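As a plain string of letters, each chain reads:
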Amino acid sequence: MVLALTVCGTVVALVVVGLFVFGLRRRLIQRSGGTFDASLRWDAPERGDTNGKGWAYGVARYNGDRVEWFRVFSYSPRPRRVLERSAIEVAGRRVPEGEEELALLSDHVILTCLHRGSRLELAMSEDALTGFLAWLEAAPPGQRVNVA
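On a predicted model such as this, the values are computed, not experimentally measured, just so you know.

How do you make sense of the overall build of the chain when you look at a structure like this?
A count of helical and extended segments in the chain gives 3 helices and 7 strands. Along the chain, from the amino end to the carboxyl end, the secondary structure elements read α-β-β-β-β-β-α-β-β-α. Relative to its length of 148 residues, the chain is extended, with a C-alpha radius of gyration of 18 Å against a globular reference of 15 Å. With the C-alpha coordinates aligned to their principal axes, the bounding extent of the chain is approximately 70 × 35 × 25 Å. Considering the chain as a whole, with its 148 residues, one finds that 37% of them fall into the buried category. Across the chain, the fraction of contacts at a sequence separation of at least 24, relative to all contacts at a separation of at least 6, is 53%. Computed over 19 positive and 17 negative side-chain charges, the inter-centroid distance for the chain is 9 Å.

So, in structure tokens, the structure goes:
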């Protein structure tokens, strides 16, 4: 009986510590400011495929001429993807369709981009999209930025 209570107490403590670390990690990412919620689909399929697979929920952070994207459900302190401003080419914008509506937050808009030859899609709120496009267009003089 004592062993069962000890095991249950340990499991509960580990779950609480795990949730605390998730929250602490997010606060540390957001501490420097310039963050927004964004879902990402890397190597996105061609237009017309709205099955909703491949989306990962995350937090993006502006860091100079880069956007760092962190998965929400991860303990890693490092960004999962880094997008350089000079390498991003915006190919289009659309609303979620089909099963994507279930995979993404309700108010998100999908931005299709090319980054160093890879096709990706970012889903973010209208406000975050406005800020992202403004950040892209605010590139230093001489940098080529393609915004559709």
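We are not done yet, so read on.
Please explain helix α1 (residues 2–30) as it appears in this structure.
Side chains that are three or four residues apart share a direction in an α-helix, a result of its 3.6 residues per turn. Helix length check: α1, at 29 residues, gives a terminal C-alpha distance of 42 Å against a target of 42 Å (1.5 Å per residue), a fit within 8%. Every buried residue of α1 is listed here: G18, R25 and I29. Taken together, the buried residues of α1 touch β1 (35–42), β2 (56–63) and β3 (66–71).

How should I be thinking about the pattern of salt bridges in this particular structure?
Any two side chains of opposite charge can pair, given that their charged atoms come close. One pass over the structure, following the stated rule, counts 8 salt bridges. Ionic pairing is found between R61 and E68, a salt bridge with its closest N-O pair at 2.6 Å. By the burial criterion, R61 is buried, and E68 matches it. Salt-bridge contacts for D65 lead to R85; the nearest nitrogen and oxygen are separated by 2.2 Å. Residue D65 is located in the loop between β2 and β3, and its partner R85 is located in the loop between β4 (81–84) and β5 (88–94); the two are separated by 20 residues in the primary sequence. Judged by relative accessible area, D65 falls into the partly exposed class, the value being 34%.

What is the right way to read the nonpolar core from this model?
For soluble globular proteins, the rule of thumb is that nonpolar side chains tend to be buried together. Counting residues in hydrophobic clusters, the biggest one holds 22 residues, and the most contacted among them are F36, I88, L111, L122, M124, F132 and L136. Mapped onto this core, the elements with two or more residues apiece are β1, β2, β3, β5, β6 (108–115), β7 (118–125) and α3 (126–137). The dominant element in this core, judged by the number of residues it contributes, is α3, at 6 residues.

I would appreciate a short explanation of unusual backbone geometry in the present structure.
The phi angle of most residues is negative, glycine excepted, and most peptide bonds adopt the trans form. The phi dihedral of R116 is positive, around 55°, even though this residue is not glycine. Residue classification places R116 among the exposed positions, given a relative accessible area of 60%.

It is not clear to me how the side chain of E68 should be interpreted in this structure. Could you clarify?
Position of E68 among the secondary structure elements: in strand β3. Accessibility expressed as a relative area gives 4% for E68, which makes it buried. Of the polar contacts made by the side chain of E68, one reaches the side chain of N63; its length is 2.9 Å. Looking at E68, its side chain comes within polar contact range of the side chain of R66, at 2.6 Å. In this structure, E68 is in contact with V59, A60, R61, N63, P79, R81 and V82, ignoring residues within four places of it in sequence.

Cut-off values and rules
- Residues numbered from 1 in each chain as written.
- Predicted model: local features only at pLDDT ≥ 70, side-chain atom pairs only at ≥ 80, totals over all residues.
- Heavy atoms only, no water.
- Helix = DSSP H or I, 4+ residues; strand = E, 2+ residues; numbered from the N terminus.
- Rg over C-alpha atoms; globule rule 2.2 N^0.38 Å.
- Buried < 20%, exposed > 50% of the residue type's maximum accessible area, 1.4 Å probe, protein only.
- Contact = heavy atoms within 4.5 Å.
- Lys, Arg positive; Asp, Glu negative; His and termini not counted.
- Charge placed at Lys NZ, Arg CZ, Asp CG, Glu CD.
- Expected span 1.5 Å × (residues − 1).
- Salt bridge = Lys/Arg side-chain N within 4 Å of Asp/Glu carboxyl O.
- Core = buried A, V, L, I, M, F, W, Y, C linked by side-chain atoms within 4.5 Å.
- Polar contact = N/O pair within 3.5 Å; in protein donor to acceptor, adjacent residues only side chain to side chain.

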